[in-house]
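# Notes for the structure review
Given next are the chains, with one letter for each unit.
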Amino acid sequence: NADAAMYNAKSSGKNGFKLHSHDLTDRCLNRLKLEEYMRESLEVDNFELFYQVKVDASTGTTKSAEALLRLHHEEFGLISPGEFIPVAEDTGLIVDLGYWVIRQACKQIVKWQNEFNIPVSISVNVSGKQVSQANFVKRLKHILLETNVDPSLLEIELTESIVMGNAEENIVRLNEIKSLGVKLSIDDFGTGYSSLNYLKRFPIDNLKIDRSFITDISSKEEDKAIVSAISALADALSLNIVVEGVETKEQLMSVREICKDSPTLIQGFYFARPEPADKCKTSFIKGFQI
Ligand code: C2E
Ligand code: MG
Ligand code: MG
Ligand code: MG
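All of the points below concern the structure found in this document. In this text, all values refer to a predicted model and were calculated from it rather than measured experimentally. (Residues numbered from 1 in each chain as written. Chains lettered and ligands numbered in written order. Predicted model: local features only at pLDDT ≥ 70, side-chain atom pairs only at ≥ 80, totals over all residues. Heavy atoms only, no water.)

## What to know about the coordination of the magnesium ion (ligand 3)
- Looking at the magnesium ion (ligand 3), one finds its protein donor set to be Asp-187 (OD), Asp-188 (OD), Glu-244 (OE) and Glu-244 (OE), positioned 2.2 to 2.4 Å from the metal centre.
- On the primary sequence, the residues serving as donors to the magnesium ion (ligand 3) are separated as D-D-x55-E.
- In this structure, the magnesium ion (ligand 3) is positioned 4.0 Å from the magnesium ion (ligand 2), and both are ligated by Asp-187. One end of the pair, Asp-187, is in strand S6 (residues 183-189); the other, Glu-244, is in strand S8 (residues 240-244), and 57 residues separate them in sequence.
- Here Asp-187 falls in the buried class, since its relative accessible area comes to 6%.
- Judged by its relative accessible area of 12%, Glu-244 is buried. (Donors = N, O, S within 2.8 Å, 3.2 Å for Na, K, Ca; no water. Helix = DSSP H or I, 4+ residues; strand = E, 2+ residues; numbered from the N terminus. Buried < 20%, exposed > 50% of the residue type's maximum accessible area, 1.4 Å probe, protein only.)

## Comments concerning the pattern of salt bridges
- In the structure shown here, the tally under the stated rule is 15 salt bridges.
- A salt bridge links Glu-168 to Arg-201; its shortest N-O distance comes to 3.4 Å. Highlighted residues: Glu-168 in helix H8 (residues 167-178) and Arg-201 in helix H9 (residues 196-201), separated in sequence by 33 residues.
- The partly exposed category is assigned to Arg-201, whose relative accessible area is 39%.
- One salt bridge in this structure joins Glu-221 and Lys-224, with 3.7 Å as the shortest N-O distance. Here Glu-221 and its partner Lys-224 are both found in helix H10 (residues 221-236), 3 residues apart, which amounts to about one turn of the helix.
- When its relative accessible area of 24% is taken as the criterion, Lys-224 is described as partly exposed.
- Several salt bridges share partner residues, and in doing so they unite Lys-54, Glu-66, Glu-155, Glu-157, Lys-208 and Glu-244 into one network. (Salt bridge = Lys/Arg side-chain N within 4 Å of Asp/Glu carboxyl O.)

Okay, structure coming up:
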């Protein structure tokens, strides 16, 4: 079980990665070791993309997934992105790692396209540091050509804080990305500060509603109201909604009721956890009972 392994990675740590240690000296040392380990890992294939499927809220059909990065360690099992992405960001390693992720996802799209009759689209998380690189669009284009992927099956997720953080420049950048035919999403929507005026000007396709609004959605009227408002907003701007973090039947029922009038995808443990590519097959073939 991947999550059990991940838990072990966090709680164990006899010598290398006492990742949750509160001792500052320890943490600095471990960051260095983690950095070193990540560098080697890019060369020896210790990174792996897991995939979490997204399910159509009205039909149960499954045609897309989010790629979520995992780092394998012999002793500590799976290390979660919450642990290593911040270190990768600080050290600049995120850029090489990010291209590895995009290339890997493109290859997987092509692979799945050959395996199933229906095309499956994959979204990847891209860090702000990477997307603002001067040659990002050029390198992205290169990967699209090299892997021979249908660009419309690749989706780039940028968090609300990245996108809004540098809004004017990002409008230009996002338009360049869109011109390659790639789809764009705003991730963790609702947790940052969105200017609605900018939202209208960004060439985006999807809004991903952050998990924090879903946790208590069945009982809290405020959360219902927020999700309902985001759904209406998405509708008005012709965006699709992806709802993150649906874990229970109750949450699913609430979300379906609130979002019934607009195209909505559900992503959450209720349907599936992030898992290795081969494990997703049945979801794409059979979909889900809804
Ligand atoms: P995110 O992009 O918002 O991804 C969703 C996170 O929520 C994933 O955590 C996923 O496992 C988790 N999740 C999904 N459904 C549920 C649910 O029902 N309940 C709960 N409790 N959690 C759920 P994960 O895989 O640990 O990733 C955490 C974050 O790390 C991601 O948040 C993303 O910001 C970042 N990340 C992951 N992969 C990459 C990557 O390849 N590149 C970059 N730059 N960041 C990445
Ligand atoms: Mg994401
Ligand atoms: Mg998210
Ligand atoms: Mg998140």
